[in-house]
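# A closer look at the structure
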Amino acid sequence: MVATDTKMILFGAPGSGKGTQALKLAKELKLKSISLGDILRLEVSKASDLGKQVHEYMQKGLLVPDGLVSKVIEENLISGGFILDGYPRNLDQAKTLDDILTRKNLKLDFFIYLEIDENTITKRLLKRGRGDDDPLVIKKRWEVFIEECNKILKHYKNKKKLIIVDGRGGIDEVFSRIKDVLK
Ligand code: AMP
């Protein structure tokens, strides 16, 4: 059984299924789900100051500047359990997150990497068809991901938090793999 104050990060390429799995896990484990992409999309739809600042980056598949997103993370991280998805996306963000957690006296339990290849992801995203799921933007998001991926994995491996889960296959198949490693 996973404790209700478990704090974990779900990490993976765009289209790896991290958003879907984060929601399912949060529901089953009764943890708060924090999806940075969802929070940003909501701000864009409200046309808030933040939304206006991040809109163009998101449309192009680029990362929003760290200063803008770290504030959102700082405001949303709570002392109970949570599943964070969409952050960190580069090594600087990983270090910022370390600082935020230390300041708040919180400790991360797991960093789960949903591993999946570019071909599978492109097929999945084209099927999903969200605003930024256009072939060129998908390519850009994959490149942005790969550039930082190994550095982030190394960071959490050194901290002994890294768990790698095969992200291929159906939603339920991947979900049970994640639950197995959390046992
Ligand atoms: P997602 O829903 O996680 O695929 O995120 C959609 C878009 O939101 C990304 O392509 C980025 O433009 C932006 N975004 C989400 N998370 C971050 C982050 N940690 N840092 C910077 N930009 C982000």
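This one's a predicted model, so the numbers in the text were calculated from it and none came from an experiment.

Turning next to empty space enclosed by the protein. Under the counting rule described, the total for this entry stands at one cavity of 30 Å³ or more. Taken as a whole, the largest cavity encloses approximately 50 Å³ of empty space. Taken together, Leu 10, Phe 11, Gly 12, Lys 18, Gly 86, Tyr 87, Pro 88, Arg 89 and Phe 145 make up the full set of residues lining the largest cavity. The leading source of residues in the lining of the largest cavity is strand β1 (residues 7–12), at three residues. Tallied by class, the residues present in the lining of the largest cavity amount to five nonpolar, two polar and two charged.

Structurally, Ile 73 is set in helix α4 (residues 66–76). Once the C-alpha coordinates of Ile 73 and Ser 35 are considered, the two residues, 38 residues apart in sequence, prove to be 9.6 Å apart. Apart from residues lying up to four places away in sequence, Ile 73 is in contact with Leu 36, Leu 84, Tyr 87, Leu 97 and Ile 100.

Our next topic: the layout of surface pockets. By volume, the largest pocket amounts to about 860 Å³. If you trace the largest pocket, you find 42 residues lining it, with Pro 14, Lys 18, Arg 89, Arg 128 and Arg 130 closest to the centre. Contributing elements (two or more residues each) for the lining of the largest pocket: α1 (18–29), β2 (32–35), α2 (36–46), α6 (118–128), α7 (135–158) and α8 (171–182). Broken down by class, the residue content of the lining of the largest pocket amounts to 16 nonpolar, 16 polar and ten charged. A volume near 160 Å³ is recorded for the second largest pocket. Lining the second largest pocket we find Arg 41, Val 44, His 55, Met 58, Gln 59, Arg 130, Gly 131 and Asp 132. Mapped by element, the contributors of at least two residues to the lining of the second largest pocket are α2 and α3 (49–60). With three residues, α3 is the single largest residue contributor to the lining of the second largest pocket. Of the residues belonging to the lining of the second largest pocket, the class tally is two nonpolar, three polar and three charged.

Close contacts around the ligand come from 15 residues, with Arg 41, Leu 62, Gly 86, Arg 89 and Gln 93 the closest. Gly 86 has a polar backbone atom sitting 2.7 Å from a nitrogen atom of the ligand. Relative to its free-state accessible area of 480 Å², the ligand is covered by the protein chains to the extent of 97%. When each cavity is represented as a set of grid points, the ligand is found to reside in the largest pocket. Top contributing element to the shell around the ligand by residue count: α2, with four residues. In the shell around the ligand, the residues fall into eight nonpolar, three polar and four charged.

Of note, the amide linkage connecting Tyr 87 to Pro 88 takes the cis form, showing an omega dihedral of 0°. We note that Lys 30 has phi near 60°; this positive angle belongs to a residue other than glycine. Along the chain, the position of Lys 30 falls in the loop between α1 and β2. Even without glycine at this site, Ala 47 takes up a positive phi of about 55°. The topology assignment puts Ala 47 in the loop between α2 and α3.

What counts and how
Residues numbered from 1 in each chain as written. Predicted model: local features only at pLDDT ≥ 70, side-chain atom pairs only at ≥ 80, totals over all residues. Heavy atoms only, no water. 1 Å grid on protein atoms, 1.4 Å probe; cavity = no way out; pocket = protein on both sides within 12 Å on 5 of 7 lines; lining within 4 Å. Points joined across faces, edges and corners; volume = space filled by probe spheres on them. Helix = DSSP H or I, 4+ residues; strand = E, 2+ residues; numbered from the N terminus. Nonpolar A, V, L, I, M, F, W, Y, C, P; charged D, E, K, R; others polar. Contact = heavy atoms within 4.5 Å. Near = heavy atom within 4 Å. Polar contact = N/O pair within 3.5 Å; in protein donor to acceptor, adjacent residues only side chain to side chain. Areas by Shrake-Rupley, 256 points an atom, 1.4 Å probe, with all protein chains shown as cover. Sits in = over half its atoms within 2 Å of the grid points.

By themselves these figures say nothing about function.
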